[in-house]
Amino acid sequence: MTLPLFAAEAGVESASVPILPALIAVPLFTALVLLLVPKHRVAELKLVALLGSSITAALSIWMLGAFDADDGGLQFVTQREWSADLGLSWFLAVDGISLFLVVLSGILFPIAILATEPHHDHKPYYFWLMLLMTGSMGVFMALDLLLFFLFFEIVLVPMYFLIGGWGHGRRIYAALKFFLYTMAGSALMLVGIVSVAFLSKDATGGLTFDVIRLAEAQALSDTAQTLVFLSFALAFAVKVPLFPLHTWLPDAHTEAPTAGSVILAGVMLKLGTYGYLRFGIYLFPNAAHDLAWIFMTLGVIGIVYGAAVATMQRDLKRLVAYSSVAHLGFIVLGLFVLNTQGIQGAILQMVSHGVSTGALFIMVGWIYERRHTREISALGGLQKSAPVFAAAFTLIMLSSIGLPGLNGFVGEFLILLGAFQGARWWAVVAVSGVILAALYLLWAYQRVFHGPAEGENAEMPELRFSEGLAILPLLFLIVFMGVYPKPILDRMEPAVERLVTHVEANVNGFTEPGPEQFPSEPATAEDLTHTLEEAEERAEAEDHSEENGDHSEDGDHSEEEGDHSEEGEG
Amino acid sequence: MLSLLAQIDPPVGIPEQSIEWSLLLPVLILSVGAVLLVTITSLAPSTRDNHFPAIYTALCGVASMVVLPAMWARVAPAANAGGDPQTPAGLIGRALGAGGDGPQTIINGALVIDHFTIFITGIICLAVVLVALILPGYLDREGLAGPEWYVLLLLSASGGVILGSADDLIVTFLGLEILSIAVYVLAALHLRRSESQEAGFKYFILGALSSAFFLYGIALVYGATGSTRISDIAGSLQIPNESGLVPLNDASMLLVGAAMLLVGFGFKVSAAPFHVWTPDVYQGSPSPVVAFMASAVKVAGFAGMLRVFVVGLGEASGDWRGMVAAMAVLTLVVGSFLAVVQTNVKRMMAYSSIAHAGFMLVAFYVAGSDDADSAMTGTSALLFYFFAYSVMVIGTFTAITILGGRGDGRHSLDDYKGLAQRRPVIAGCLAILAFAQAGIPFTSGFFSKFRVIIAAAGSGAYVLAAVAMLTAAVSAFLYLRLVVAMFLDGGGDHDDHDEIDLTDADEAAGGEAALESDGSGVALAVEASTLTAQGADDGEPVPTAALAVLVATVVLTVLFGILPGLGGDILREAAAALG
């Protein structure tokens with residue numbers, strides 16, 4: 001065996017604290033600690049899990065603070081040789097693209113743990129959740145292709161147990177479907193990973209799975225690039241999920257326990273879109289550019305199809321699940337227009353979708369706990385007895401619709417802006433998704449919360465204090481990201497710029513994809529912030545009263561008032 | 001008497017041989033150990049209690065493993081006499097102060113002792129030790145006794161070692177038969193189960209048929225090349241032919257001969273289309289015996305195949321690689337797709353072992369490549385696969401042995417329902433092993449597959465790699481079904497949140513109450529009482545030795561998943577012996 005060794009340059013730009021390994025190690029350690037707690041000590045189990053996930057969240061937020069906003073490259077790099085024999089390295093880093101996804105994963109887990117409880121078998125439940133957190137953290141930080149693949153696959157196991165063990169209805173069917181779909185989708189990706197490493201072997205000076213070196217080498221022929229890209233794209237298309245491969249999603253989302261749905265929507269779907277960006281477009285810019293129209297088309301189909309099917313749903317949770325298909329369609333559209341606005345919007349939308357859909361799943365989970373049904377027709381008039389609950393739901397729902405001033409809007413707007421420059425007709429169709437989203441969500445809201453409250457609906461318990469505490473960070477993020485997305489966009493911009501430059505440099509005869517080529521000058525960062533500010537101003541003017549209400553949401557007490565004024569709007 | 005013997009002259013005509021007994025030690029320990037075991041237990045009946053023979057057999061296995069590092073250093077190529085001091089093997093070699101003699105051919109060219117032989121011997125001996133440790137618990141439970149199980153185990157292992165080191169087709173056949181005949185008997189040795197008899201019979205009939213093919217193949221290859229020695233065959237295929245043997249003038253005879261040999265080996269390693277015996281035999285045979293069949297027998301079969309094809313017929317690889325590729329694809333497809341419809345766990349594992357044979361065949365295909373680098377990668381991938389799969393499959397069948405219950409019959413998937421509640425440790429171990437076999441990351445199962453894919457992609461066999469991965473995704477379903485049964489199917493009741501295996505009406509009512517009350521203490525109390533009731537209900541004690549084997553296999557599986565580079569130099573050197 002003469003595989004040339006890959007000597008890792010350990011800790012090239014390494015921060016003084018190995019923050020990224022800590023983000024993986026803390027949840028893993030917590031999982032092991034959980035094994036030592038006796039299984040009937042339910043409160044302690046929850047406390048340990050909450051503590052572990054909160055420390056991880058705190059670490060991720062600390063990392064956010066320490067992140068250098070002007071640097072578009074990799075930060076907090078940790079690189080250790082793992083198996084020289086196989087060319088593997090333990091290569092972790094974040095940049096502006098993955099930073100917010102890591103933070104999002106960090107935040108969602110403690111919230112999911114706080115917000116819901118399993119009804120049985122607490123110990124394995126928290127154990128799997130913590131393992132899931134370990135994997136989710138790793139997958140967004142891995143920059144070694146094989147390490148990424150390992151995390152990408154390993155997250156299936158805890159999620160499979162969570163859906164199968166603590167889900168509802170046809171949970172086993174849903175868990176199996178989820179696992180097998182993803183496994184089958186990613187089977188070819190492993191062949192693709194190995195192929196790209198081998199085909200680049202001469203250019204990179206030895207067998208390596210280091211994404212950066214592979215991307216810089218660009219050693220593949222056009223045909224090989226297309227084939228390997230497709231093997232990656234299939235795996236990610238299942239994960240996103242893109243239109244014809246989405247059928248596992250409604251089942252998995254609906255049958256999963258609330259925490260499972262939150263993580264599935266908030267973190268795991270992003271693996272697909274993040275994968276497209278980091279491993280599809282970055283590694284194979286030429287193939288991605290050539291085939292962009294396919295993915296934009298599938299994304300747009302997803303937007304319209306997801307929205308149309310969501311409208312028809314009788315189950316509230318299934319409705320939210322289908323709304324994910326539509327939202328993810330937006331993200332894919334934004335990624336494959338291959339310009340700065342589109343990609344920035346897509347990343348922002350990944351985070352936004354994680355926050356607002358995660359919050360929606362939590363709320364739906366609470367409705368189910370209170371009423372033991374998710375049938376929209378069996379619910380009604382809930383706002384009479386639970387006004388605060390309804391108000392929180394309204395805010396989240398409006399963010400999911402993409403109301404200006406809330407987080408959903410900024411991402412969607414940027415995506416549409418990018419798409420309009422690169423692929424005008426796709427953008428035109430995609431806009432209809434915004435309207436449809438308003439239709440299905442508002443209609444559902446109307447049926448669930450308005451109207452006369454009968455029977456048990458009249459005694460719907462109000463939002464508890466602990467529940468409010470759990471959902472509050474998400475509400476805050478919804479408003480904050482909607483009103484002031486600049487710090488977030490600033491941090492991702494250099495990295496996205498770099499990516500777009502990389503794409504442009506490596507595509508033969510680069511033009512932005514789509515038949516409608518705008519002869520416009522390339523969009524600069526100033527343009528972007530400018531347009532965005534305009535949009536915000538408009539949004540602020542439209543929803544002035546609403547924002548005032550939201551701004552006062554800092555204390556627990558004022559939350560009620562803020563949400564009350566919301567509800568009047570909704 | 002002695003003086004009489006001394007008067008006998010050595011027979012005229014046969015040149016006097018000096019045999020390097022030290023290099024034969026592993027085979028000697030195993031085979032002489034078997035004979036001694038028969039003698040001891042027949043002279044002292046008190047030793048026939050299952051425990052003495054088990055410990056004795058395990059010690060024989062350990063003893064033949066202990067001599068391996070010294071042998072490793074001894075046969076190291078002269079270039080790195082004593083071995084690389086960086087490696088554990090090298091360190092031991094240095095300490096022993098020996099080494100650098102290069103591969104040794106002993107007994108007039110019958111056996112060749114090189115790093116490859118030693119690696120294979122190590123795996124077979126490991127299998128012997130592990131299986132010897134799970135046998136006594138099984139025999140006690142089944143009310144069986146007798147040293148013959150252990151004797152046959154040792155004999156079979158010695159056959160495997162001979163097969164792995166044979167440098168002559170006749171010796172290969174000898175090894176194959178010693179290995180097989182002992183296993184035929186082992187398969188039928190559960191005298192009170194008719195399935196076991198049936199399995200032994202089927203295995204024997206089909207095995208004899210495949211042996212006939214194999215012999216015919218030897219004859220044809222001999223006809224084509226004029227020798228049965230593997231190294232001479234390799235020489236006679238070389239162009240220009242400098243071996244002084246019959247120049248290859250009949251390529252078609254060689255081709256047919258190679259095909260016949262492939263049939264013979266294909267049967268041993270259960271490659272499609274010669275796999276049909278596997279499910280029946282695995283299902284019927286005593287579970288610990290299946291552990292041995294799936295590990296040592298398969299590994300020895302592949303080892304012989306490597307020697308005959310890669311070393312002997314390597315120059316003619318263009319002739320047989322196509323057949324191997326076709327066999328690999330067929331084996332992968334059959335193993336993964338037919339597994340989906342099975343409901344008996346042992347049958348499922350039989351199909352899984354067929355699918356794994358398919359993966360090994362892919363590596364074998366690469367090992368036969370003309371390109372030396374690719375061939376090396378392929379061989380070392382195959383060697384790692386041998387080790388990882390043997391450990392996983394022995395662990396799996398250890399768990400199956402424990403769970404089989406008295407009569408070794410509780411192997412339906414339904415019997416595994418709710419196992420996580422009843423026997424959490426065994427269920428957890430079996431789940432890890434199942435996921436490992438499915439190729440989930442951070443297990444040795446993933447890296448064994450990954451090495452095969454790397455080898456295949458490196459030699460340009462992308463299609464084979466893609467087929468292998470796709471079928472691996474299909475066979476994941478098989479392992480998931482097992483996990484679903486153990487962890488998620490709480491015993492037939494599919495209600496929301498119902499994980500509790502409800503055994504009687506009283507508890508069922510309690511369980512319902514648990515569902516209604518909102519996760520409070522009452523529910524937990526009920527749940528806890530249900531669980532303890534069941535724990536007591538399932539009172540069969542688990543033999544400690546078997547449990548230790550299970551845990552050890554799990555630890556090894558996970559360890560090699562976290563440190564995939566462990567032992568990489570050993571793999572490389574063992575693979576280099578064939579190159």
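It should be emphasised that the depicted structure is a prediction, and the values quoted were computed from it without experimental measurement. (Residues numbered from 1 in each chain as written. Chains lettered and ligands numbered in written order. Predicted model: local features only at pLDDT ≥ 70, side-chain atom pairs only at ≥ 80, totals over all residues. Heavy atoms only, no water.)

Caption draft 1: Representation of the overall build of chain A. In terms of helices and strands, chain A carries 24 helices and two strands. Going through the 570 residues of chain A one by one, you find that 66% of them count as buried. Counting only contacts in chain A whose residues sit at least 6 apart along the sequence, the fraction spanning at least 24 positions is 81%. Here chain A displays about 18000 Å² of accessible surface, and carbon together with sulfur accounts for 62% of that area. (Helix = DSSP H or I, 4+ residues; strand = E, 2+ residues; numbered from the N terminus. Buried < 20%, exposed > 50% of the residue type's maximum accessible area, 1.4 Å probe, protein only. Contact = heavy atoms within 4.5 Å. Areas by Shrake-Rupley, 256 points an atom, 1.4 Å probe, with all protein chains shown as cover.)

Caption draft 2: Layout of the overall build of chain B. Looking only at helices and strands, chain B has 24 helices and two strands in total. Classification of the 579 residues of chain B by burial places 60% in the buried group.

Caption draft 3: Structural context of the interface of chain A and chain B. Contacts between the two partners involve 45 residues from chain A and, on the opposite side, 49 residues from chain B. On inspection of chain A and its partner chain B, the count reaches zero salt bridges. Within the residue set of the side of chain A that touches chain B, elements represented by two or more residues are strand 1 (75-83), helix 5 (145-154), helix 6 (156-166) and helix 7 (171-199) of chain A. Residue classes in the side of chain A that touches chain B are distributed as 30 nonpolar, ten polar and five charged. (Salt bridge = Lys/Arg side-chain N within 4 Å of Asp/Glu carboxyl O. Nonpolar A, V, L, I, M, F, W, Y, C, P; charged D, E, K, R; others polar.)

Caption draft 4: Structural context of the pattern of salt bridges. Residues and elements named next belong to chain B. Across all of its chains, the model carries 17 salt bridges over all chains by this definition. Here Glu-195 makes a salt bridge to Arg-193, at a shortest N to O gap of 3.8 Å. Exposure remark for Arg-193: the relative accessible area of 8% places this residue in the buried category. In this structure, Arg-347 engages Asp-280 in a salt bridge whose closest nitrogen and oxygen atoms are separated by 3.0 Å. With Arg-347 in helix 15 (residues 345-367) and Asp-280 in helix 12 (residues 277-284), this residue pair connects regions lying 67 residues apart in the sequence. Salt bridges sharing partners connect three or more residues here, namely Glu-198, Lys-202, Asp-280 and Arg-347.

Caption draft 5: Quick peek at the nonpolar core. By size, the foremost hydrophobic cluster in this structure holds 399 residues, and its most contacted members are Tyr-160 and Phe-336 of chain A together with Phe-309 and Phe-364 of chain B. Beyond its immediate sequence surroundings of up to four residues, Tyr-160 of chain A is in contact with Ala-175, Leu-176, Phe-178 and Phe-179 of chain A together with Phe-435, Leu-480, Val-483, Val-484 and Leu-488 of chain B. Counting residues in hydrophobic clusters, the runner-up holds five residues, among them Leu-74, Val-77, Phe-91 and Ala-93 of chain A. (Core = buried A, V, L, I, M, F, W, Y, C linked by side-chain atoms within 4.5 Å.)

Caption draft 6: Representation of the packing of aromatic side chains. The full count for this structure, using the stated rule, is 64 aromatic pairs over all chains. The interplanar angle of 85 degrees and the centroid separation of 5.9 Å between the aromatic rings of Trp-82 of chain A and Phe-447 of chain B together place this pair among those described as edge-to-face. Taken together, the residues span two chains, with Trp-82 of chain A in strand 1 and Phe-447 of chain B in helix 19 (residues 444-458). Considered together, Trp-82 of chain A and Phe-447 of chain B belong to a single accessibility category, that of buried residues. Summarising the aromatic geometry, the rings of Phe-152 of chain A and Phe-236 of chain A are spaced 5.9 Å apart at their centres and angled 80 degrees between planes, so their arrangement reads as edge-to-face. With Phe-152 of chain A in helix 5 and Phe-236 of chain A in helix 10 (residues 222-239), this pair connects stretches of sequence that are 84 residues apart. The class of Phe-152 of chain A is buried, set by a relative accessible area of 0%. In this structure, Arg-170 of chain A is placed above the aromatic ring of Tyr-173 of chain A, and the distance from its NZ or CZ to the ring centre is 4.3 Å. (Phe/Tyr/Trp six-rings, centres within 6.5 Å; stacked < 30°, edge-to-face > 60°. Lys NZ or Arg CZ within 6 Å of the ring centre and 35° of its normal.)

Caption draft 7: Representation of unusual backbone geometry in the model. For the bond running from Val-240 of chain A to Pro-241 of chain A, omega is -10 degrees, close enough to zero to count as cis. Take Pro-241 of chain A: it is sitting in the loop between helix 10 and helix 11 (248-255). Cis peptide bonds are those with omega within 30 degrees of zero, and the linkage from Ala-272 of chain B to Pro-273 of chain B qualifies with 0 degrees. Considering the arrangement of structural elements, one finds Pro-273 of chain B in the loop between helix 11 (251-268) and helix 12.

Caption draft 8: Helix 14 (residues 316-336) of chain A, seen in detail. Residues and elements named next belong to chain A. Helix length check: helix 14, at 21 residues, gives a terminal C-alpha distance of 31 Å against a target of 30 Å (1.5 Å per residue), a fit within 8%. Of all 21 residues in helix 14, 20 are buried; the element is thus mostly enclosed. The distance from a side-chain oxygen at the start of helix 14 to the backbone nitrogen of Lys-317 is 2.8 Å, and the residue carrying that oxygen is Asp-315. (Expected span 1.5 Å × (residues − 1). Polar contact = N/O pair within 3.5 Å; in protein donor to acceptor, adjacent residues only side chain to side chain.)

Caption draft 9: Summary view of the pairing of strand 1 of chain A. Residues and elements named next belong to chain A. Summarising burial for strand 1: seven of the nine residues are buried, a large majority. As paired elements, strand 1 and strand 2 (residues 88-94) share six bridges and run antiparallel to each other. Note that in strand 2 the partner of Glu-81 across the bridge is Ser-89. What sits between strand 1 and strand 2 in their antiparallel hairpin is a turn of four residues, with Gly-87 showing a positive phi close to 75 degrees. (Pairing = 2+ DSSP bridges.)

Caption draft 10: Summary view of the confidence of the model for chain B. Residues of chain B with pLDDT of at least 70 account for 82%, and the chain-wide mean is 82. Of the regions scoring below 50 in pLDDT, residues 491-537 of chain B engages in 60 contacts with residues more than four places distant in sequence or in other chains. (pLDDT = per-residue confidence, 0-100.)

Caption draft 11: Here's a closer look at the packing of helix 15 of chain B against helix 16 (residues 372-403) of chain B. Residues and elements named next belong to chain B. At a closest axis distance of 8 Å, the pairing of helix 15 and helix 16 adopts a crossing angle of 170 degrees. The orientation of helix 15 relative to helix 16 falls into the category roughly antiparallel. Taken together, the residues of helix 16 that come into contact with helix 15 (itself represented by Val-345, Lys-346, Met-349, Ser-353, His-356, Phe-359, Met-360, Ala-363, Phe-364, Val-366 and Ala-367) are Ser-374, Ala-375, Gly-378, Thr-379, Ala-381, Leu-382, Tyr-385, Phe-386, Tyr-389, Thr-396, Phe-397 and Ile-400. Of the residues belonging to the contact of helix 15 with helix 16, the class tally is 16 nonpolar, six polar and one charged. (Axes fitted to C-alpha atoms, helices over the stretch in contact; angles between N-to-C directions. Parallel < 35°, antiparallel > 145°, perpendicular 65-115°, else oblique.)

Caption draft 12: Broad picture of the packing of helix 18 (residues 407-422) of chain A against helix 19 (residues 424-449) of chain A. All names here are of chain A. The N-to-C vectors of helix 18 and helix 19 enclose an angle of 155 degrees; their axes lie 6 Å apart at closest approach. Between helix 18 and helix 19, the angle falls in the class roughly antiparallel. Contact residues: helix 18 offers Glu-412, Leu-416, Ala-419, Phe-420 and Gly-422, while helix 19 offers Arg-424, Ala-427, Ala-430, Val-431 and Val-434. Taken together, the residues of the contact of helix 18 with helix 19 sort by class into seven nonpolar, one polar and two charged.

Caption draft 13: Layout of the side chain of Thr-57 of chain B. The topology assignment puts Thr-57 of chain B in helix 3 (residues 51-66). Contacts of Thr-57 of chain B, omitting those with residues within four sequence positions, involve Leu-37, Val-128, Ala-132, Tyr-150, Leu-153 and Leu-154 of chain B.

Caption draft 14: Focus on the confidence of the model for chain A. In the predicted model, chain A carries a mean pLDDT of 82, and 86% of its residues have values of at least 70. In this model, residues 1-15 of chain A is a region of pLDDT below 50 whose contacts with residues beyond four sequence positions or in other chains number 35 contacts.

Caption draft 15: Quick look at the side chain of Glu-467 of chain A. Residue and element names in this part refer to chain A. Examined against the element boundaries, Glu-467 turns out to sit in helix 20 (residues 465-483). Within the local environment of Glu-467, its side chain forms a polar contact with the side chain of Arg-370, the two groups lying 2.7 Å apart. Excluding residues within four positions of it along the chain, Glu-467 makes contact with Trp-366, Arg-370 and Glu-462.

Caption draft 16: Focus on the environment of Asp-168 of chain B. Residue and element names in this part refer to chain B. Relative to the helices and strands, Asp-168 resides in the loop between helix 7 (148-165) and helix 8 (169-187). For Asp-168, a relative accessible area of 12% translates into the label buried. In sequence terms Asp-168 and Val-308 are 140 residues apart; their C-alpha atoms lie 8.6 Å from each other. A polar contact is formed between the side chain of Asp-168 and the backbone nitrogen of Ile-170, at a distance of 2.9 Å.

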